[in-house]
Amino acid sequence: MERERIFQHHRHPLKTFSLGIQHVLAMYAGAVIVPLIVGGALNLTQAQLTYLIAIDLLACGVATLLQVWGNRFFGIGLPVMLGCAFQAVSPMIAIGLQDGMGVSAIYGAIIASGVFVFLFAGLFGKLIALFPPVVTGSVVTIIGVTLIPVAISDLGGGSPGENPDFGSPLNLALGFGVMLFVILMNRFAKGFPRSISVLLGLIIGTLAAALAGKVDLTPLKEAGWFHAIQPFYFGKPTFHASAILTMILVAIVSVAESTGVFMALGKIVDKDITSKDLTRGYRAEGLAIILGGIFNSFPYTTYSQNVGLVQMSRVKTRDVIVVAGGLLILIGFVPKIAALTQLVPTSVLGGAMIALFGLVLSSGIRMLGDQVDLNRHENLLIIACSVGMGLGVTVQPDIFDRLPAALRILADNGIVAGSVTAIVMNLLFNGLGGPRKAEAGEELK
């Protein structure tokens, strides 16, 4: 009965359609920025970047429909949107730029991590015991910290060594202007305009850049009106142990975050979430990640900003999400729409990225502050050592080059090194799981 109620609706189709568009707009900026960042860092051509954006939007729609479907085998059946996992950005770039790997290794790792999530969906309750808030919060914080330099570089206009215009007054004005606009929108705007402040900032920043002659219309002119889906667009995937381990860690963090989103949505729609529901939700997420690897897009996870939209709009039925998923698939088949996103200058994108990546960092800090007893010296030490190790390896990636290959798997990536440090130290100090703030004792009351 609960599942049927979630799907029933008594609204005019036009209203359902408009609510679906609102969900698409709320997640559009976050979904589009990921391929722009990754594609730019990997030096993809304009045609490749157009494909990446288009297939990403299409895959977001397919992943959303897989999750909202809610059958016996997969899909949690709640009004939830899926988009590319933000925490995967830095690992994907690191894998793609590493000697001997490249883009093919990214998609091999994504496929392997998706298979891992799908096969072990039923056991994730036990596996997540290794990722209590003190570990998950530390990992998300590490990911945010490692992304900030990318945003600062883009705000200046791109790589300092490749762009002679890096740090020019115009680039700085555009980048900081967008950042200021996003800040002011979040301070003074309310409701829907506030939820799409980043998207509005990108649009206004691009218009300002166009007036200054910094917008290249070539991608829009060259893009077609329709393109077919092409599996393994960037070539056959390759499989490397360190890359696979990195993406599995990212997938586990995504699953841990999705669990919280599922629970929050369950409360909003008055549905009790059982372990079987969670297992189906994890399987759908695993399938979405596998599809992302096959079609050379991204790993996918639950988008929390759309949960806020469900609560804000008070529309709790799945039909709106089905419309939103369908719209994303439709947009994904039209490269012209994807090419519009490529018009955004690098400095404009950088200004928005500082806010977005800063939110990744602050969400990690919030997890630590809300759910971890920071009065316990042991927890502070876990956070200090894991974040320090993750940031240190990111800044100085060559430090472990002389170690055997088997050990480098755990050490040659800042996120992996920081995650392993957090997991091992948490087991040492807290055992499986660890005391949350609510269980920390009377000293906090």
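The model shown is predicted, which means the values in this text are computed figures rather than measured ones.

Asks: What is the right way to look at the environment of Asp154 in this model?
Replies: Mapped onto the fold, Asp154 is located in helix H7 (residues 133-155). Those residues in contact with Asp154 that sit more than four places away from it in its chain are Thr346, Ser347, Leu349, Gly350 and Met353.

Asks: Even after reading the chapter, I still don't get the packing of helix H3 (residues 46-69) against helix H13 (residues 275-294), so can you show me in this structure?
Replies: What describes two packed helices is the angle between their axes and the distance between those same axes. One can describe the packing of H3 onto H13 by two numbers: an axis separation of 9 Å at closest approach and a directional angle of 160 degrees. Classed by the angle they form, the pair H3 and H13 counts as roughly antiparallel. You can see that H3 and H13 cross each other, and the crossing is right-handed. Across the interface between the two elements, Val62, Ala63, Leu66 and Gln67 of H3 pack against Arg280, Gly281, Ala284, Glu285, Leu287, Ala288 and Leu291 of H13.

Asks: Sorry if this is basic, but what is going on with unusual backbone geometry here?
Replies: As a rule of thumb, non-glycine residues mostly have phi less than zero, and peptide bonds are mostly trans rather than cis. Positive phi, normally seen in glycine, also occurs at Asn43, with a value near 55 degrees. If you trace the backbone, Asn43 turns up in the loop between helix H2 (13-41) and H3. A positive phi is found at Phe232, a non-glycine position, where the angle reads about 55 degrees. One can find Phe232 in the loop between helix H11 (218-222) and helix H12 (241-268).

Asks: Please clarify how the packing of aromatic side chains should be interpreted in this entry.
Replies: Any pair of aromatic rings gets described here by the distance separating the centres and the angle formed by the planes. The tally for this structure, following the rule as stated, stands at six aromatic pairs. Summarising the aromatic geometry, the rings of Tyr51 and Phe234 are spaced 6.4 Å apart at their centres and angled 75 degrees between planes, so their arrangement reads as edge-to-face. Note that Tyr51 is positioned in helix H3 and Phe234 in the loop between H11 and H12, a separation of 183 residues in sequence. The buried category is assigned to Tyr51, whose relative accessible area is 6%. The interplanar angle of 85 degrees and the centroid separation of 5.0 Å between the aromatic rings of Tyr233 and Phe234 together place this pair among those described as edge-to-face. You can call Tyr233 partly exposed: its relative accessible area is 25%. Through pairs of rings, three or more aromatic residues link up here, namely Tyr51, Tyr107, Tyr233 and Phe234.

Conventions adopted
Residues numbered from 1 in each chain as written. Predicted model: local features only at pLDDT ≥ 70, side-chain atom pairs only at ≥ 80, totals over all residues. Heavy atoms only, no water. Helix = DSSP H or I, 4+ residues; strand = E, 2+ residues; numbered from the N terminus. Contact = heavy atoms within 4.5 Å. Axes fitted to C-alpha atoms, helices over the stretch in contact; angles between N-to-C directions. Parallel < 35°, antiparallel > 145°, perpendicular 65-115°, else oblique. Left-handed = near helix turned anticlockwise from the far one by under 90°. Phe/Tyr/Trp six-rings, centres within 6.5 Å; stacked < 30°, edge-to-face > 60°. Buried < 20%, exposed > 50% of the residue type's maximum accessible area, 1.4 Å probe, protein only.

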